[in-house]
There are 2 protein chains.
Amino acid sequence: MPNISKRGSSIPASPIRKLVPFAEAAKKRGVHIYHLNIGQPDIKTPSSALNVVKESNLEIVAYSHSAGFESYRKKLVQYYDRFEIKVSYEDIIVTTGGSEAILFGVLSCLDRGDELIVPEPFYANYNGFANTGGINLVPVTAHISNGYALPPIEEFEKLITPKTKGILICNPGNPTGYLYAKEELQKLRDIVIKHDLFLFSDEVYREFCYEGHEHLSILRLDGLDEHAIIFDSISKRYSACGARIGAIVSKNKEVMATAMKYAQARLSPPTLAQILAEATLDVPNSYLEEAFVEYDGRRRLLIERLQAMDGVICPSPKGAFYAFVQLPIDDAERFCKWLLEDFSYKESTVMMAPGTGFYVTEGLGKQEVRMAYVLNKEDLSKAMDCLEEALKVYPGRQ
Amino acid sequence: MPNISKRGSSIPASPIRKLVPFAEAAKKRGVHIYHLNIGQPDIKTPSSALNVVKESNLEIVAYSHSAGFESYRKKLVQYYDRFEIKVSYEDIIVTTGGSEAILFGVLSCLDRGDELIVPEPFYANYNGFANTGGINLVPVTAHISNGYALPPIEEFEKLITPKTKGILICNPGNPTGYLYAKEELQKLRDIVIKHDLFLFSDEVYREFCYEGHEHLSILRLDGLDEHAIIFDSISKRYSACGARIGAIVSKNKEVMATAMKYAQARLSPPTLAQILAEATLDVPNSYLEEAFVEYDGRRRLLIERLQAMDGVICPSPKGAFYAFVQLPIDDAERFCKWLLEDFSYKESTVMMAPGTGFYVTEGLGKQEVRMAYVLNKEDLSKAMDCLEEALKVYPGRQ
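Read on for an overview of the structure. (Residues numbered from 1 in each chain as written. Chains lettered and ligands numbered in written order. Predicted model: local features only at pLDDT ≥ 70, side-chain atom pairs only at ≥ 80, totals over all residues. Heavy atoms only, no water.)

**A word on the overall build of chain A**
Each helix and strand in chain A was counted, giving 13 helices and 12 strands. The globule rule puts the C-alpha radius of gyration for 398 residues at 21 Å, and the 21 Å found for chain A is close to it. Oriented by its inertia axes, the alpha-carbon framework of chain A measures out at about 60 × 55 × 55 Å. The 398 residues of chain A split such that 64% are buried. Restricting to contacts in chain A with at least 6 residues of sequence separation, those with at least 24 account for 77%. Accessible area for chain A stands at about 14500 Å²; split by element, carbon and sulfur atoms hold 50% of it. Positive and negative charge centroids in chain A, built from 45 and 52 side chains respectively, lie 3 Å apart. (Helix = DSSP H or I, 4+ residues; strand = E, 2+ residues; numbered from the N terminus. Rg over C-alpha atoms; globule rule 2.2 N^0.38 Å. Buried < 20%, exposed > 50% of the residue type's maximum accessible area, 1.4 Å probe, protein only. Contact = heavy atoms within 4.5 Å. Areas by Shrake-Rupley, 256 points an atom, 1.4 Å probe, with all protein chains shown as cover. Lys, Arg positive; Asp, Glu negative; His and termini not counted. Charge placed at Lys NZ, Arg CZ, Asp CG, Glu CD.)

Below, the structure written as structure tokens:
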């Protein structure tokens, strides 16, 4: 029997995936699970956009241009303009989800063995793309004490080696919900210019900035045209995670020409979903406004409930729809498993993502969990009831 | 300005892509182009399947299971059973096109620097996935003299090194249209068992086998369960190239578990297109029968016309919808460019894929072109008129 690849066997099982069998067993026992573990919103995809797909007279589901429909890219230019991001349609390649945008960015800018500095905790799937690209993610640790703000820029500077090709941020952040301030982004700008690095910014939660804060794209920073690459997706803003439509956007022509070669090798992003994506750009603003009000309400409920729990530390996230929370527990993986295996309250329990999966540095995240507030307020409140009760009786409480 | 990756800059521009600007210029001059250069069929996607998408009451375009809808995978089991391919739904991961199936196969089974032996000419995009995976494609040359049959197995044996992890075939073949005989597949089986290699088979043209020939999947070969991995796609059989729904199928549990990790990193294959794909399995057989009759008619027309042209050598392809043809010309890239730039007949010309792009071995394919018979017979006949006239006046005729 031939051996599988070493790179394949080196991918650790994700802490969330490890919980899945326990969640399935809990369901079989009749326990209801409040899923705060994944970023799959319960908000409806805009029906007007879905109707465009349904009313399409498409007869052949053909390949699109490898960079995506030109009509869609031209409309995206106007969309970005609303955020004062000035790009042309040739600065955009439509990708199969934000996932593929990340992959194209990695492949186009980094070689095997190159390093990318990433503030941790970070979106766990970055590990998968790093594995595919054979690159190393070098973590710089953000801390709960200041709400996972950008670590001091000197910490980045210390990690720069001849192998370093760039810095990757997620803004607003998954899993922290942290929204970078202009000053933080300017520090990143200065360091990438100084060391001639790329700055990658995953900006898929752009619309979700709370408490009057505004999103600042790295594409708006002066002097960064050749350095800045953004990853985007319609998954979250239009609750269309399964569409698999994202984009890589950069004004660096060489990067885009290279990403285009990888785009051509996989032929085309999904055609049906591109029709949906293009139609989302005509969805009335009220859709995003309502979604925003809903998420903001959930956010406030979640923070209020968590901050009232003894021993729980919950910074107030200003963006996205996640909270990264410290609990008075011995071990997040054990606790999350125990919630599914040994606990229920009113025949329900809660599923969360253990913090360890979001760190590279060994030993970090053991008291942290990520919660995605993707449930309606009533369910979210019940999920918090479960958590509150669980923390009272968990044997590993600290 | 930071440098792009070496791997990105090392991808050569594909000979087809190089022709695109000339095709655009020809169109601007008012010249009609018969496109035989890409495998985008003109056959309609089954309307009954498209209607299932249109009539769906889906409200949230959510992530699917990373391996694809379980319902779809279970129906695929029955589909494969029709070809006497016995698999369970757990042996199937739904992928974003056949493209992603190839990528997952490469990543799961080969490490960087490992080698995969491939009969050439081969599907040019294999190069892109080899680049992404950092592996080396080692060509073994098939020849037009026997219609691009499997090269002698000794030729494979000579190329096996400690780095060799597998053999990749495309059956029926893109670009050759060659359909491997049972004896050829058995030789491949014996060699992969002998040397403990994987055997990858790209079988996306399974339905297109002509002259009464039957398709034999490598998954039907005895003793190959741990070695055989197939790549599949609905793109060609249901004329749904833009759906981007494929599959990787193997009975090797370790390979599938590893492919699943890569599948999880990219979250989900496209949801809307999976609805379409699942619905194709209920499309009446008459759809495929009619498509088959149509392609077979085109194939016969194409061969007849080509074989009647002086100096043209066209083996009779038994599968897929391509012919790989030798022309009496000095250089295929030059000829294909000349057709777009300097030639027209009745205000039309023909676009084909130069043979060089399908070979790794330098210097091969200079007199060959790939033609995809994806146009209706009337257009195909006019395309042949153009080619016939062009060969009479081409300055580089040999």
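**With respect to the sheet that holds strand β8 (residues 245-250) of chain B**
Residues and elements named next belong to chain B. As summarised here, the arrangement of the seven strands in space is β2-β8-β7-β6-β5-β3-β4, forming an open sheet in which the pairing is mixed. Of all the strands in the sheet, just β2 (92-96) and β4 (136-141) have a single pairing partner and so form its edges. The mean inter-strand angle of the sheet, taken between neighbouring strand axes irrespective of direction, is 25 degrees. Alignment of β2 against β8, held across five bridges, turns out to be antiparallel. Residue pairing across strands places V94 opposite A247, the latter belonging to β8. (Pairing = 2+ DSSP bridges. Axes fitted to C-alpha atoms, helices over the stretch in contact; angles between N-to-C directions.)

**Structural notes on the sheet that holds strand β7 (residues 228-233) of chain A**
Residue and element names in this part refer to chain A. Strands sit in the order β2-β8-β7-β6-β5-β3-β4 across an open sheet of seven strands; the sheet is mixed. Of all the strands in the sheet, the pair left with one neighbour each is β2 (92-95) and β4 (136-141). Ignoring which end each strand starts from, the neighbouring axes of this sheet average 25 degrees apart. Strand direction decides the pairing type here: β7 and strand β8 (residues 246-250), joined by five bridges, are antiparallel.

**A short note on the interface of chain A and chain B**
The interface of chain A with chain B comprises 79 residues on the first partner and 79 residues on the second. Joining chain A to chain B, the criterion identifies two salt bridges. The partner of K44(B) in a salt bridge is E59(A), and the shortest N-O contact between them spans 3.6 Å. The tally of links from chain A across to chain B stands at 44 residue pairs in polar contact (both at pLDDT 80 or more). Counting only elements with at least two residues in the side of chain A that touches chain B, the list comes to α1 (6-10), α3 (47-54), α5 (97-109), α6 (126-133), α9 (253-265) and α10 (271-280) of chain A. Of all the elements, α9(A) adds the most residues to the side of chain A that touches chain B, at seven residues. (Salt bridge = Lys/Arg side-chain N within 4 Å of Asp/Glu carboxyl O. Polar contact = N/O pair within 3.5 Å; in protein donor to acceptor, adjacent residues only side chain to side chain.)

**Comments concerning empty space enclosed by the protein**
For the structure on display, the rule yields nine cavities of 30 Å³ or more. If you trace the largest cavity, you find 28 residues lining it, with E100(A), L103(A), F104(A), E100(B) and L103(B) closest to the centre. The class makeup of the residues in the lining of the largest cavity is 12 nonpolar, 10 polar and six charged. (1 Å grid on protein atoms, 1.4 Å probe; cavity = no way out; pocket = protein on both sides within 12 Å on 5 of 7 lines; lining within 4 Å. Points joined across faces, edges and corners; volume = space filled by probe spheres on them. Nonpolar A, V, L, I, M, F, W, Y, C, P; charged D, E, K, R; others polar.)

**Quick notes on the pattern of salt bridges**
All told, the structure shown has 64 salt bridges over all chains when counted by the stated rule. Residues D232(A) and R206(A) are paired through a salt bridge, measuring 3.0 Å at the closest nitrogen-oxygen approach. Of the two residues, D232(A) is situated in strand β7 and R206(A) in the loop between β6 (198-202) and β7; the sequence distance between them amounts to 26 residues. On the basis of relative accessibility, which here comes to 1%, the residue D232(A) falls in the buried class. The exposure class assigned to R206(A) is buried, which follows from its relative accessible area of 2%. Residues E294(B) and R298(B) are paired through a salt bridge, measuring 2.8 Å at the closest nitrogen-oxygen approach. Taken together, the residues span about one helical turn, with E294(B) and R298(B) both in helix α11 (residues 285-307) at a distance of four residues.

**Considering a negative patch on the surface**
Residue and element names in this part refer to chain B. A cluster of acidic residues, D222, D225, E226 and E254, forms a negative patch at the surface. Of note, E226 is situated in the loop between β6 (198-202) and β7 (228-233). For E226, a relative accessible area of 30% corresponds to the partly exposed category. (Patch = residues over 30% accessible without salt bridge, like charges linked within 9 Å, V, L, I, M, F, W, Y side chains within 5 Å.)

**Digging into helix α12 (residues 332-341) of chain A**
All names here are of chain A. Turning to α12, its buried residues number three or more, namely A332, F335, C336, W338, L339 and L340. Contacts made by the buried residues of α12 are with α2 (15-28), β1 (32-35), β10 (348-351), β11 (353-354), β12 (368-372) and α13 (377-393). The N-capping residue of α12, defined by a side-chain oxygen 3.0 Å from the backbone nitrogen of E333, is D331.

**Regarding the relation of the copies chain A and chain B**
For the pair chain A and chain B, the superposition axis carries a translation of 0.0 Å, the fit reaches an RMSD of 0.0 Å, and the rotation angle comes to 180 degrees. As the rotation angle and translation indicate, the two copies are arranged about a two-fold axis. Rotation axis and chain A: the residue whose C-alpha lies nearest the axis is K54(A), separated from it by 2.1 Å. Same-surface contact between copies: 100% of interface residues of chain A are shared with the interface of chain B. (Least-squares fit on C-alpha atoms with pLDDT ≥ 70 in both.)

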